[in-house]
Structures are given as structure tokens and as C-alpha cells.
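# Descriptive analysis of the structure
What follows is each chain in one-letter form.
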Amino acid sequence: MPAQKNKKQTHRIITAPRRALVAVFVALFVVVIAFGGVPKIVHAINCTSISDCQQQISNLSSQNAQTQQSINALQLQAEGYQGAINTLNSEIGTLQQEIGNNQAKQAQIEQQIAANEAEIAVKKGALADDIKSMYIEGSMTTIEELATSKNLSDYVDKQEYQTVVQDQLTNIIQQIAALQNTLQLQKSQVAQLLVAQNSQNNQLLSAQSQQNQLLSFNQQQQDAYDSQVNANKSKISTLDAQQAAIIEAGTESIGLVRGGIPTSNTCDSGYGTGGYPAQWCDSVQDSVNTAGGFPNRECTSYAYWYFTEVEGHSDFQVYGNANQWLGTSNYPTHSAPEVGGLAVETAGTFGHVAVVQALPGQTFQGQTVPAGDVAVSEMNYDYNGHFRYSYSPLTKFAGYIY
């Protein structure tokens, strides 16, 4: 049996995951410290004035913006953790495959060693029988061997044969013994390699467990931040409603224009539609972009349509939420109202814009507009995309566009 070549085995001990773990732990706590931990929730959700409401809304919005930065940072970290976990999973899979291959090789070597030991035993037995036979024959004298041989040539051939058989058996035993030494060396090397690979595998599994713990902790923080953001959004909604109620105070809704008939349009809640196009009025709020690019059934959509189509100011340009119109309009702004002009509120998250229909002391719908009020038409006064006419206090409006 020919001797097998001893193949040199190599393996890698992965230390990068542990270095990465230290880095991510540090990065995680840096983020927590940088953002001051989970922001405290502002518990007060009552406001007594427009400015008070707006201040609380601004504080909560600012807090949410800061919290979102923390969430974004945690999401980036989570991607890093997941990437490390994926890498470790790949490393573990490859290493376990190598371990399996080496275990199979170890079993094969052990089988070869056992087979060689059995073969050595057989060859040694054959050699022992041959020596025993030679011993018995050797008890005869040379004269007796020559006498029993047919001739001298027969005697010489017999001696040579015995010598050759002994030499062959001896060589075979030596070869098998040499092969055994080689196999034992390979077995020892594979055993050492398996010890190293199993140790490396345990390190990878430990690193994988730590990465999963980091990812879980990261997700818990994200959930806490998300809960904080949602809680603040709920409070902002409450404050928006309170602010809207304060703004609405003193405003009186007006019924349909004398002789008018209620329509079946979606945006008509009993006050008409103001002529607003039916295709926009009957579509779900914010589902259609109208003239000027404003979403349907919003105050901006109605005001832009009325000012450009009904009032005829086709060159009018403006953008942004209603509370931005005084600064983005290409038409002049004024401190006093004018019929047909746009009345702009800047209070609230988005503000509000309405169309001036009549001034204080003028007649509107058969009645005199009260002093200190202005009659307006407006869309989305109730945040549900409905239209109405109303008497609104002049103090509501920060300025007018016409």
C-alpha cells in the first residue's frame, strides 16, 4: 500500500467580530449619550391661547425631530448589526462545513489505521509461520538437506526462495508501519485542527449571540422612540384641536345664501359648495391635485381656485401652506380686508385662508356684517374638507392678499 502524502491543513481564527462588537457597543452608547437618552414626554396637553398652543406644538414637534434623529441613527446601527450577523452566519456555516469534512476525514483515517493494524497482524502471522517452518527445516543438517534435495540446484533454489519471502514480508511490514506513522501524524493534525476550529466556532457563536443581543436592544430603543413620537403626535393633534377651537371662538357659521338649495356634493355639510368644482368636491379629501397644485377640499385649493377663476386673477402665484401665503404670494399683502381678497391666518400648524365676501357694516345674505367681523367663504374649516360661509373676527387674520 503506497504511503499517502500529508496535506497541510490551514484554518483562520476570526477576531474581527470581537473588534466589531466593541465598536458597536461604543457607537451605541455614543448615540444614546449624544441625544441625551430617550426624550422626556411633555405631559401638559392643555393650552389657553393661540400662542400657548403653538408654543407647545412647536416644542413637541422639535422633540419629535430630535427623536427621529435618534431613530435614524439607531436604524443605521441596526443595519450594521444585521450585516455583522449575516457575515457571522456565513462564517459559521463555512466553518461548520469544514468541521464536518475534517470529522469525516478523521473517521476515514481511523478506519485506515484499523485496517493497517489488521494487515500488519496478518503479515506478521505469515512471517511467523515462515520463520517457524524455517526453524524446523533448520534443525536438519546441511548434509540431511542436501540428501533430501533432488539436486544441488533444488537446494539452492529453496534457500533463495525462503530468503526472498522473508525479505518481502519484512518490507511489507515496514511499509505498513511507515504508513501507520503517517496516518497517526495526520490523525493528530486533524485532531488539533478540529480543536482549533471548534474553538473558533464557539467564538463565532458567542459573537453572533452578542450581535443579536445588540440588535434586540437596538430595536427596543427604536420601539421606545417610536412610542414617544406617536405619543407626541397624539398630543399635537389634541393641541391642534384646542387651538382650532380657540381660533374658531367668535366665528359664526352662516347658512346657505338666501334662496339657496342644499346640494348632494360631498364637501357640502349644509352650507353649500361656494361653486367649488364638483369633481374636486366629490373626491376624497387630498386625493386630487387641483389648480395651483393644491390638494382638493383644502382651504388653499378653494382660495386659489376662487381668486384665479371667480375673481379673475389668473396671474396669481403662491405656494406652501396657508400660513406661508403672505410671504410667498406675488400679489401685494395688506393689513385691511377687501371684498374678493384673501384673508390669511398664520396661527396653527398650517394656518388657514378664506375669501372675503363682505366687510363690517356691509350687507351679506340679507344681514349686516357685525362690527369687528368680516364675512368670508372657506373650505376645510372643520378639517374634514367641508365648505361654509361665516362671520369671522378680524383679529383672526394676520393679513390680506389682493
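Residues numbered from 1 in each chain as written. Predicted model: local features only at pLDDT ≥ 70, side-chain atom pairs only at ≥ 80, totals over all residues. Heavy atoms only, no water.

## Comments concerning the overall build of the protein
- On a plain count of helices and strands, the protein comes out with seven helices and nine strands.
- Expressed as a percentage of the 402 residues in the protein, the buried residues total 37%.
- Excluding contacts between residues fewer than 6 apart, the proportion of contacts in the protein whose partners are at least 24 apart in sequence is 65%.
- In the form shown here, the protein has an accessible surface area of approximately 21600 Å², with 54% of it arising from carbon and sulfur atoms. (Helix = DSSP H or I, 4+ residues; strand = E, 2+ residues; numbered from the N terminus. Buried < 20%, exposed > 50% of the residue type's maximum accessible area, 1.4 Å probe, protein only. Contact = heavy atoms within 4.5 Å. Areas by Shrake-Rupley, 256 points an atom, 1.4 Å probe, with all protein chains shown as cover.)

## Notes on the pairing of strand β8 (residues 387-393)
- With respect to burial, β8 is a largely interior element, seven of its seven residues being buried.
- Neither face of β8 is exposed, since Phe387, Tyr389, Tyr391 and Pro393 on one face and Arg388, Ser390 and Ser392 on the opposite face are all buried.
- Alignment of strand β1 (residues 252-254) against β8, held across three bridges, turns out to be antiparallel. Opposite Ile254, over in β8, you have Tyr389 as the bridge partner. (Pairing = 2+ DSSP bridges.)

## Some details on the side chain of Ser301
- The residue Ser301 is located in helix α6 (residues 299-310) in this model.
- A polar atom in the side chain of Ser301 sits 2.7 Å from the side chain of Tyr276.
- Once residues lying within four places of it in the same chain are set aside, the contact partners of Ser301 are Tyr276, Thr290, Phe294, Pro295 and Asn296. (Polar contact = N/O pair within 3.5 Å; in protein donor to acceptor, adjacent residues only side chain to side chain.)

## A closer look at the state of the cysteines
- A full pass over the atoms with the stated rule returns two disulfides.
- Put simply, Cys267 and Cys281 are joined by a disulfide, and their sulfur atoms are 1.7 Å apart. The sign of the S-S torsion, about -100 degrees, decides the handedness of the disulfide formed by Cys267 and Cys281: left-handed. Linking Cys267 in the loop between β1 and α5 (278-281) with Cys281 in helix α5, this pair joins segments that are 14 residues apart in sequence. Comparing Cys267 with Cys281, the two get one shared label, buried.
- Sequence-ordered numbering of the disulfide-bonded cysteines in the protein gives the connectivity 1-2, 3-4. (Disulfide = S-S within 2.5 Å.)

## Some thoughts on the nonpolar core
- In this structure, Tyr276, Tyr302, Phe316, Trp325, Leu342, Val353 and Phe364 are the most contacted members of the largest nonpolar core, which totals 31 residues.
- Where this core is concerned, the elements lending two or more residues are α5, α6, β3 (342-345), β4 (352-358), β7 (373-379) and β8.
- Top element by residues in this core is α6. It accounts for seven residues.
- Here Val353 is in contact with Cys299, Thr300, Ala303, Ala322, Trp325, Leu342, Ala343 and Val344, once residues within four sequence places are set aside.
- The next biggest cluster of nonpolar side chains, apart from the first, holds 12 residues, and it includes Leu88, Ile99, Ile109 and Leu183. (Core = buried A, V, L, I, M, F, W, Y, C linked by side-chain atoms within 4.5 Å.)

## Details of the side chain of Asn296
- Along the chain, Asn296 falls in the loop between α5 and α6.
- For Asn296, a relative accessible area of 0% gives the class buried.
- One polar contact links the side chain of Asn296 to the main-chain carbonyl oxygen of Trp280, over a distance of 3.1 Å.
- Look past the residues within four positions of Asn296 in its chain and what remains in contact with it is Tyr276, Trp280, Ser283, Val284, Gln285, Asp286, Ser287, Val288, Thr290 and Ser301.

## A closer look at the confidence of the model for the protein
- Counting all residues, the mean pLDDT for the protein is 82, and 79% of those residues have values of 70 or more.
- The low-confidence segment residues 1-36, where pLDDT is below 50, has 61 contacts with residues more than four positions distant or belonging to other chains. (pLDDT = per-residue confidence, 0-100.)

## What about α6?
- The end-to-end C-alpha separation of α6 is 15 Å, in line with the 16 Å expected for 12 residues at 1.5 Å each.
- The buried fraction of α6 amounts to 10 of the 12 residues, a majority that puts the element mostly inside the structure.
- Backbone geometry just after α6 places Gly312 at a positive phi near 85 degrees. (Expected span 1.5 Å × (residues − 1).)

## Let's talk about the packing of aromatic side chains
- Per the stated rule, a full pass over the model turns up 18 aromatic pairs.
- Arranged with centres 6.2 Å apart and planes meeting at 55 degrees, the rings of Tyr276 and Tyr302 form a pair that is tilted. Of this pair, Tyr276 sits in the loop between β1 and α5 while Tyr302 sits in helix α6; the two residues are 26 residues apart in sequence, bridging distant segments of the chain.
- Pairing Phe397 with Tyr400 gives two aromatic rings, centres 5.9 Å apart and planes at 55 degrees, and the pair type is tilted.
- Look at Phe397 and you get buried, because its relative accessible area is 9%.
- What links up through ring pairs into an aromatic cluster is the set Tyr276, Trp280, Tyr302, Trp305, Tyr306, Phe364, Phe387 and Tyr389. (Phe/Tyr/Trp six-rings, centres within 6.5 Å; stacked < 30°, edge-to-face > 60°.)

## Structural notes on the sheet that holds strand β2 (residues 333-334)
- The seven strands lie next to each other as β1-β8-β7-β4-β3-β9-β2, forming an open sheet whose pairing is antiparallel. Each edge of the open sheet is held by one strand with a lone partner, namely β1 and β2.
- Taken together, the three bridges between β3 and strand β9 (residues 399-401) define a ladder with antiparallel strand orientation. Considered in β9, the bridge of Val344 is made with Gly399.
- Of the strands in this sheet, β3, β4, β7, β8 and β9 are in contact with α6, which crosses β4 at around 40 degrees. (Axes fitted to C-alpha atoms, helices over the stretch in contact; angles between N-to-C directions.)

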